[in-house]
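If you want the building blocks of each chain, they are given just below.
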Amino acid sequence: MTRAKQSVVVGVDGSESSSQAALWAAAGAERLSVPLRVVLINNDPTRDPFAEEVVRDIAGGCRRAVGELEITEEVASGHPAEELVHRSASAQLVVVGSRGQGAFRETLLGSISAAVATHASSPVVVVPGHDTAMSGPVVVGVDDSTGSRKALRYAFDAADRRRSELVAVQALPNAYFIPGPYDHPDRDELLASAEKRLAEQVSVCTGSYPEVVVRQVVSNIPPVQALREAAQHAQLLVVGHRGLGGFPGLLVGSVARGVLHHPPCPVAVVPG
């Protein structure tokens, strides 16, 4: 049996934010050479005709923006986050807006998009409602976890497809540098050790992506702040998380949660 081709799934709700997310998703699907599924999860059956019109209009905008891309439309019933997480099991990528403001404004507000991003089986990109850079680097947060290594490989692939620079950021625990009446680790030793670990992790991927130029940054400011600053002019920020899929409980790390709160650019959350 031939396996169905994976797609990019974008959740829409009629808001300007979700329309921008759909256009971002269409460009992403084109880069990945996979179909795009435009999905609206409607929890109010009385709005079925309007829901279908919304999906049709947004899909039409994607078709005009991206030439020969295969695009399908879907209106389904249920809880938006649960249904999008369910679809992530067979998707290559799920895309959502950071908030909703239209007739279906309850569907893609921050809490819903964060739930999708932190429970999905596939990577999820949360697209902010404001204008974002179309060029610039891909930024990725790196630590010593398995999730971070998966995020780093995803970021390498994203930078390679975009022909952009990759900025790998590792933040040190800045508590080590808070003055106080206790022994402090040697700052220079900590920095040297962090730079060595970062270089080792980056080197694992460089052989597979020889065209990607990598800039390595070690920072001793809090991780969320370090990533926000690095991503101010980025086209994508990539973070890992420790979620297990489904809805047994919210297992997202504080860094992923923090950057999703006010995303400086589209944020890709990669499951660990």
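Reading the values: rules and limits
Residues numbered from 1 in each chain as written. Predicted model: local features only at pLDDT ≥ 70, side-chain atom pairs only at ≥ 80, totals over all residues. Heavy atoms only, no water. Helix = DSSP H or I, 4+ residues; strand = E, 2+ residues; numbered from the N terminus. Buried < 20%, exposed > 50% of the residue type's maximum accessible area, 1.4 Å probe, protein only. Contact = heavy atoms within 4.5 Å. Pairing = 2+ DSSP bridges. Expected span 1.5 Å × (residues − 1). Axes fitted to C-alpha atoms, helices over the stretch in contact; angles between N-to-C directions. Parallel < 35°, antiparallel > 145°, perpendicular 65-115°, else oblique. Left-handed = near helix turned anticlockwise from the far one by under 90°. Nonpolar A, V, L, I, M, F, W, Y, C, P; charged D, E, K, R; others polar. Salt bridge = Lys/Arg side-chain N within 4 Å of Asp/Glu carboxyl O.

What follows concerns the overall build of the chain. A count of helices and strands for the chain gives eight helices and ten strands. Across the 272 residues in the chain, those meeting the buried criterion constitute 48%. Taking the intrachain contacts of the chain between residues at least 6 apart in sequence as the baseline, contacts between residues at least 24 apart amount to 78%.

If a strand is regular, its side chains alternate between the two faces of the sheet. Side-chain alternation along strand β5 (residues 124–127) places V124 and V126 on one buried face and V125 and V127 on a second face that is also buried. Two strands pair when backbone bridges link them, and strand β4 (residues 91–97) and β5 are joined in this way by four bridges, in the parallel orientation. Across the sheet, the residue bridging to V96 is V126, located in β5.

In this model, helix α5 (residues 146–162) (17 residues) spans 25 Å end to end at C-alpha, consistent with the 24 Å of a helix rising 1.5 Å per residue. Here α5 has its buried residues at G147, S148, A151, L152, A155, F156, A158, A159 and R162.

Moving on, we come to the packing of helix α7 (residues 223–230) against helix α8 (residues 254–261). Contact geometry of α7 with α8 gives a least axis separation of 9 Å together with a crossing angle of 45 degrees. Comparing their axes, α8 and α7 come out oblique. As for how α7 packs across α8, the hand of that crossing is right-handed. Note on element contacts: α8 touches α7 through S254, V255, G258, V259 and H261, opposite P223, V224, L227 and R228. Across the contact of α7 with α8, the residue classes tally to five nonpolar, three polar and one charged.

On to the pattern of salt bridges, then. Counted by the stated rule, this structure contains six salt bridges. Here E74 and R37 are joined by a salt bridge, their closest N and O atoms 2.8 Å apart. Pair noted here: E74 is in strand β3 (residues 71–77) and R37 is in strand β2 (residues 36–42), with a separation of 37 residues, a long-range link. Using a relative accessible area of 22% as the deciding quantity, one classes E74 as partly exposed. For the salt bridge of E74 with R87, the shortest nitrogen-to-oxygen distance reads 2.7 Å. Taken together, the residues E74 in strand β3 and R87 in helix α3 (residues 80–88) connect sequence positions 13 residues apart. Of the residues examined, R87 reaches a relative accessible area of 10% and is grouped as buried. Look at the salt bridges and you will find they share partners, linking R37, E74, E83 and R87 into a network.

By themselves these figures say nothing about function.
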